[in-house]
Amino acid sequence: MKKILDYSETIPQRGHQDRGRAPDENEDLFFDRKKDGVCPFCKIHTQVVHTDHQLTYPDWLDGGKFDIQENVKQCSNCGWWRIRCDKLTTIGIDARSFAMESAILKSYDLSSKQVPIEALRKHLAVSFDDVIHIHDRNMEKLVQSVFREHYSCDVEHVGRSHDGGIDLILVNADSPTVVQVKRRKSLDHIEGVAGIREFLGATILQNGKNCIYVSTSKKFSQPAIEAARQAIKVGAVESYELFDFDRFCDVLKLTTEIDPTPWKSYLRKEW
Ligand SMILES: [Zn+2]
């Protein structure tokens, strides 16, 4: 079973010690060093992807120093990360504290209904062929999420409550656009003309003027493409857009931001 990893949530840890001994370089008062630096999921060593060091002698410390070290470790295999900030305040004696933020590892079956759509988008943006494994319901939600950004409009998910094969409605104008979503079990499937005609019928019966047919198939058959053109030509609808695998994949990639530094927003917070 294919898995999707999601690190969109984090867990914070804090520690403080007022009366420090003389700092020992090799000792970590707060954390087992052996465990630090190992990805809890892959069990391999993480890489240091960011470091920052600040040494200051602020007036209010009266000759004391303020030493902040920050580093981020990330797993090169799965992307898991941990940011750690150590603060050493010295006024004669040392006070040490640390703050840590770790990504929470969540793993989902690709075909599960529970996969968060954002995690699914990120996964498919790099492995779009996996689209054949995802849950039907998630396919509709995926298209909804992608089209919402692509067309900059509200997209309603109607799904099964609506008849005629209308899965989504783009609320982008006086005349909304209706959308049908087909996730095929095989990428080699060719979308035939029958489905195109049937959806045209459903659109007209809903008094729709614009429709979009999205399929994970590699392509639409020539008669299918012709039928969509003809529907516009005879004025049955104003627009009939066909999205095949490549076209939808392009839009998904375009609208999905893969953040290589998901930890960035946690840097240098008020620890
Ligand atoms: Zn890992």
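Residues numbered from 1 in each chain as written. Predicted model: local features only at pLDDT ≥ 70, side-chain atom pairs only at ≥ 80, totals over all residues. Heavy atoms only, no water.

Student: Is there a simple way to explain the overall build of the protein in this structure?
Tutor: Helix and strand content of the protein: five helices and 14 strands. Each principal axis of the C-alpha atoms in the protein carries an extent, and together these give about 85 × 40 × 30 Å. Taken over 271 residues, the protein has a buried fraction of 44%. (Helix = DSSP H or I, 4+ residues; strand = E, 2+ residues; numbered from the N terminus. Buried < 20%, exposed > 50% of the residue type's maximum accessible area, 1.4 Å probe, protein only.)

Student: Is there a simple way to explain the coordination of the zinc ion in this structure?
Tutor: In an ideal octahedron of six donors the angles at the metal are 90 or 180 degrees, and in an ideal tetrahedron of four donors they are 109.5 degrees. Each protein donor to the zinc ion is listed here as C39 (SG), C42 (SG), C75 (SG) and C78 (SG); together their distances run 2.3 Å. Around the zinc ion, the four donor atoms sit at angles spanning 106 to 113°, and that spread fits a shape best called tetrahedral. Considered as a linear motif, the donors of the zinc ion on their single chain read C-x2-C-x32-C-x2-C. C78 matches C75 in its accessibility class, with the two residues each being buried. (Donors = N, O, S within 2.8 Å, 3.2 Å for Na, K, Ca; no water. Tetrahedral: all angles 85-135°; square planar, octahedral: opposite > 155°, others 65-115°.)

Student: Before we go on, may I ask you to explain the domain arrangement of the protein in this structure?
Tutor: A common measure of how large an interface is: the accessible area buried when the components associate. As far as domains go, the protein holds domain 1 (3–107) and domain 2 (111–255). The straight-line distance from the C-alpha centre of domain 1 to that of domain 2 is 46 Å. (Domains from an automatic or database assignment.)

Student: Looking at this structure, I do not really get the packing of aromatic side chains. What am I missing?
Tutor: In total, this model carries 10 aromatic pairs according to the counting rule given. Their ring planes at 90° and their centres at 5.2 Å tell us that F147 and Y151 sit as a pair that is edge-to-face. Between Y213 and F220, the ring centres sit 5.8 Å apart and the planes meet at 75°, which makes this aromatic pair edge-to-face. By the burial criterion, Y213 is buried, and F220 matches it. Over the aromatic face of F245 sits the side chain of K218, whose NZ or CZ is 4.1 Å from the ring centroid. The side chain of R247 reaches across the aromatic face of F243, ending 3.9 Å from its centre. (Phe/Tyr/Trp six-rings, centres within 6.5 Å; stacked < 30°, edge-to-face > 60°. Lys NZ or Arg CZ within 6 Å of the ring centre and 35° of its normal.)

Student: Looking at this structure, how should I read the sheet that holds strand 5 (residues 81–91)?
Tutor: Pairing between the strands of a sheet is mediated by backbone hydrogen bonds and can be parallel or antiparallel. Taking strand neighbours across the sheet as the criterion, the five strands line up as 2-6-5-4-3 in an open arrangement whose pairing is antiparallel. The open sheet is flanked by strand 2 (10–17) and strand 3 (47–56), the only strands paired with a single partner. When strand polarity is set aside, the average angle formed by the axes of neighbouring strands in this sheet is 10°. The pairing of strand 2 with strand 6 (residues 93–103) spans eight bridges and is antiparallel. If you follow T10 over to strand 6, its bridge partner there is A103. (Pairing = 2+ DSSP bridges. Axes fitted to C-alpha atoms, helices over the stretch in contact; angles between N-to-C directions.)

Student: Would you explain the sheet that holds strand 12 (residues 210–215) in this entry?
Tutor: The strand order across the open sheet built from five strands is 8-9-10-12-14, with neighbouring strands paired in mixed fashion. Single-partner strands in this sheet number two, and they are strand 8 (154–157) and strand 14 (239–243). Neighbour-to-neighbour, the strand axes of the sheet open up by a mean angle of 20°, direction not taken into account. Bridge count for strand 9 (residues 168–171) against strand 10 (residues 177–182) is three bridges, and the pairing is antiparallel. If you follow L170 over to strand 10, its bridge partner there is T177. In the packing of helix 3 (residues 193–205) onto the sheet, contacts are made with strand 10, strand 12 and strand 14, and the angle to strand 12 comes to roughly 145°. The sheet strands contacting helix 5 (residues 245–255) are strand 12 and strand 14, and the helix crosses strand 14 at an angle near 85°. (Contact = heavy atoms within 4.5 Å.)

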